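# Examining the three-dimensional arrangement
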Amino acid sequence: MHLLIQGCKRNDRDSQRLLYQHYYYYALAICLRYSRSTAEAKEVVNDGFLKVFDKIDQYNVELPFKAWLRKIMINASIDQYRKELKHAHQAPVEHAQLMHSQPEAVSNLSHEELIALVQKLTPAYRAVFNLYVIDGYTHREIGKLLNIAEGTSKSNLLKARENLRSMLDGMNEMPYGKAN
Amino acid sequence: MEKLTDEELDSVFKNAAEGNAPPFDPAAWDAMAQKLNAPRPAPLWRRWAPILLLGTTIFFTGVWVGRTSTESDSPELTEKKIVVEANESTNHTEGLNDNESSDLEVLPEIESDAHKESIVTINSVSESRSQNLIPQEKPNEQKSLREIKQEEFTEVVGLIALGNEVQLKDSLSEKEVIDSVALVKSEVDSIDISKEPNDKPSGRRVYGLFIRLLASPDLSAIKFGPTQWGSNFGLVGEYVFSERLSLSTGIIRAKKNYESYQEEAYGANARHLVGSCSILDVPLNFTYYFPSQRKLSTYVTAGASSYLMLREDYIYTIKSNSGDRVYPSQAIRENNEWFKVLNLAVGVQYKLAPRWQMQLEPFIKAPLADLGERNVRLSSIGVFGGLRYQLNSLVKTP
C-alpha cells in the first residue's frame, strides 16, 4: 500500500491504476448511496479519484487511507448533489401508507435493494440521510456542508425516514418482496 | 405488527451500506485514464502566485528603501561621522597660526573662580569649534540636562587636546583650563537624573516597522476539557503608529491537539473525539506599551485571529446499536474561520541592543464561534517567546 501511495505521488500511471482497482468497489459503494443511478455514481467515483490523485501529497500516511478516500468521495458526491439540486424536483415521494414496515420483512432484502431504496429518495433527503445516518455527520455539519439550516436538515432526515418506511411497506405488498 | 423505530431503520441501512460491495468494472479505468490525461485548469494558488510574488517584492522593496533612507539617522553612522569630522578638524588645526585660532584667544577672559561665566565662556569658545567636533543638533531634538553637560565636558577635553598641538596664549594658563574642566565635570556629576522628565514631550508622533519572530508551546482544549500539547511558530510584522500603540499582523503556524468527552461539542451521537489540527493563525492585534525608562518594559495585546485550517484529523467514537464504532475523519483546507478567535496577552520586553528586543508573552486564545470541520469551541493558552527587530529608525514628526 505504501508503495502504491509513493507511486501515485510520482504520478506513476500503473500505481494509480492499481490503487484505483483496489479501492474502486469501496468508493463506488459510497457514491451509490448518494447518487440516483449506478452510471452517475461511477462518474462521481472518477471525479473523486481525480481529486485523490491530485491531492495525494496531502494524504497523511499515519491515518488510514480508506478514511481519507471516504471523505473525498463524500465531498465529490456532495459536489454532484449541488449540481443535481439545480435541476431536481424537490417534491417528496408519496408516503401516505397505512401499513408499517416490519423488521422481519426488511431482513429479507439484499444490500443492493436497500441501497436502491436510498437512491430513490429526493437529492436533499438522500444527502441528509446518508450524511447523518451512515456517515456520522451532525445536523450542524450537514447544514454547513449543504448550505441549509440545521432545522431543515432535521426535517429532511425525518422525511427521508418516512419515505424509506413507506417504500419498505410498498415492497412488502409486492408478491416477492423485491424492488424493481 | 411493530413499526420500525428510527434506530432500527438506521441500522438496517447502515449495515446495507457497509455490506454493499459492487463488482469492479474493467471499463471504469479506461474512463478514469481519459480523465487523468485530459488537461486540467491550474489550481487557484498558481493563478494568484505571480500577483502574490509581485506584492511581496513591492512590500520588501519598500521596507528596504525605507530602511536605507533612514539609516543616516542611526546612532552607529552618526558616531562614524563624528570621528571623521573630528579627524578633519584636527588636521585643520595643525596648520593654524595664532590669528586663525581666534577661539582660543577668547579664553583669557575666563575668570577661573566664576563658575557661570566660565561655563558661558567655554561654551562660546567651543561654539565654533564644536561645529567640527560634534554634529549639528537638530532644532527639534531635545536632550536631557545631563547629556548637554556631558557634551560640554567632551568639548573642553577636546580643546585641551587641541591646546597640546596649538600653542596656548600666555594669558591662558593650563591650570585655568583644567579648573574649567573640573567645574564642568563636577556639574555633570551633580546632576540628578531622577529629576529629569520621564516622558518625551507630547504632540509628537512616532512611526516605525518591526518584525517579530515567535515560538510557543500550545495547550488546547475544547471548553475546559482535557488539554494536549501543541506548538506555535510565527513571523509577525508590527507597525508602531504612536509612542505607545502598535498594530501587528503575520502568520503563525500552529499545531493544536485536543480531545473531548463532551457530546455537545461534536454532535449527539459521538462519545469521544480526538483532534489534531494544523492551522495558519493570522492575528490582527493592537498592542499598548507601558512607559518605561529601563530596559525592561511591559505591554498588553488584544485582537482577533483568523484560523486557516490546513489539515484537520479527527478520530471520533460513535454510539451505535452494535456498540461503539470508531471513525477517522480528515479535512484538508476546507475551513477558514475569519476573526473567530479572540487574542489576549500580556508581555514583558527586554532591550538587548538598540534594534533588538526579547519578549515573553503569556497569551490566551478564546473562540468567538465554532471552529473547523467538527465545530469545536477550541481554546488555547501558551507563552510566546520572541525576538523583536526594529526594521527602520523611528520617524518622528512634530
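Residues numbered from 1 in each chain as written. Chains lettered and ligands numbered in written order. Predicted model: local features only at pLDDT ≥ 70, side-chain atom pairs only at ≥ 80, totals over all residues.

## Some words on the overall build of chain A
Broken down by element type, chain A carries nine helices and zero strands. For chain A, the N- to C-terminal ordering of α and β elements is α-α-α-α-α-α-α-α-α. Across the 180 residues that make up chain A, the buried fraction comes to 43%. (Helix = DSSP H or I, 4+ residues; strand = E, 2+ residues; numbered from the N terminus. Buried ≥ 20, exposed ≤ 12 C-beta atoms within 10 Å, placed from the backbone.)

## A closer look at the overall build of chain B
When you go through chain B residue by residue, the secondary structure sums to eight helices and nine strands. Across the 398 residues in chain B, those meeting the buried criterion constitute 22%.

## Some points on the nonpolar core
Formed by 58 residues in total, the largest nonpolar core has its most connected members in A:Ala27, A:Cys31, A:Val128, A:Phe129 and B:Phe13. For this core, the element with the most residues is helix α2 (residues 13–34) of chain A, which contributes eleven residues. Here this core gathers at least three residues from each of two domains, domain 1 (2–74) and domain 2 (103–173) of chain A. Excluding anything up to four places from it in sequence, A:Val128 contacts A:Ile142, A:Ser153, A:Asn156, A:Leu157 and A:Ala160. Counting residues in hydrophobic clusters, the runner-up holds 18 residues, among them B:Ala221, B:Val236, B:Tyr307 and B:Val376. (Core = buried A, V, L, I, M, F, W, Y, C linked by C-beta atoms within 7 Å. Domains from an automatic or database assignment. Contact = placed C-beta atoms within 7 Å.)

## What to know about the interface of chain A and chain B
Each partner contributes to the interface: chain A provides 42 residues, whereas chain B provides 36 residues. Of all the secondary structure elements, the ones that give two or more residues to the side of chain A that touches chain B are α2, α3 (38–54), α4 (65–85), α5 (103–106), α6 (111–120), α7 (123–134), α8 (139–146) and α9 (150–173) of chain A. Element by element, the count of residues in the side of chain A that touches chain B is highest for α2(A), at ten residues. Tallied by class, residues from the side of chain A that touches chain B come to 21 nonpolar, eleven polar and ten charged. (Nonpolar A, V, L, I, M, F, W, Y, C, P; charged D, E, K, R; others polar.)

## Remarks on the packing of α2(A) against helix α2 (residues 28–37) of chain B
Where α2(A) meets α2(B), the axes come as close as 11 Å, and the angle between the chain directions of the two elements is 135°. Here α2(A) lies oblique to α2(B), going by the angle between them. Considering how the two elements wind past one another, α2(A) and α2(B) form a crossing that is right-handed. Residues A:Gln16, A:Arg17, A:Tyr20, A:Gln21 and A:Tyr24 of α2(A) touch α2(B), and the partners they reach there are B:Ala28, B:Trp29, B:Met32 and B:Leu36. Partitioning the contact of α2(A) with α2(B) into residue classes produces six nonpolar, two polar and one charged. (Axes fitted to C-alpha atoms, helices over the stretch in contact; angles between N-to-C directions. Parallel < 35°, antiparallel > 145°, perpendicular 65-115°, else oblique. Left-handed = near helix turned anticlockwise from the far one by under 90°.)

## Looking at the environment of A:Cys31
Residues and elements named next belong to chain A. Of note, Cys 31 is situated in helix α2. Remark: the alpha-carbon pair of Cys 31 and Ala 41, spanning ten residues in sequence, is separated by 5.1 Å. Setting aside chain neighbours within four positions, we find Cys 31 in contact with Ala 41, Val 44, Val 45, Gly 48, Met 73 and Ser 77.

## Side note on α3(A)
Given 3.6 residues to a turn, an α-helix orients residues that are three or four positions apart in the same direction. Taking 1.5 Å per residue, 17 residues should reach 24 Å; α3(A) reaches 24 Å between its end C-alpha atoms and fits that length. When we look at burial in α3(A), the residues that qualify are A:Ala41, A:Lys42, A:Val44, A:Val45, A:Asn46, A:Asp47, A:Gly48, A:Phe49 and A:Val52. (Expected span 1.5 Å × (residues − 1).)

## Details of the pairing of strand β3 (residues 245–260) of chain B
Residue and element names in this part refer to chain B. Relative to β3, strand β2 (residues 228–240) runs antiparallel, the two sharing ten bridges. By the bridge assignment for β3, Leu 235 is matched with Ile 251. What sits between the antiparallel neighbours β2 and β3 is a turn of four residues. (Pairing = 2+ DSSP bridges.)

## As for the packing of α7(A) against α8(A)
Residue and element names in this part refer to chain A. Between α7 and α8, whose axes approach to 10 Å, the crossing angle comes to 140°. By the angle class used here, α7 and α8 are oblique. For the pair α7 and α8, the crossing hand works out as right-handed. In contact with Ala 127, Val 128, Leu 131 and Tyr 132 of α7, α8 contributes His 139, Ile 142, Leu 145 and Leu 146. Considered class by class, the residues forming the contact of α7 with α8 number seven nonpolar, one polar and no charged.

## Thoughts on the environment of B:Asn392
All names here are of chain B. Mapped onto the secondary structure, Asn 392 falls in the loop between β8 (378–390) and β9 (395–397). Judged by the 21 C-beta atoms lying within 10 Å of it, Asn 392 falls in the buried class. Between the alpha carbons of Asn 392 and Tyr 207 there is a distance of 9.3 Å; along the sequence they are 185 residues apart.

## Some remarks on the confidence of the model for chain A
Residue and element names in this part refer to chain A. When pLDDT is averaged along chain A, the result is 80; 82% of the residues meet or exceed 70. Mean pLDDT per element in chain A: α5 is the minimum at 53, and α7 is the maximum at 90. Low confidence marks residues 89–103, where pLDDT is under 50. Its contacts with residues over four positions away, or in another chain, come to 29 contacts. Within the model, the stretch residues 175–180 combines pLDDT values under 50 with ten contacts to residues more than four positions away or in other chains. (pLDDT = per-residue confidence, 0-100.)

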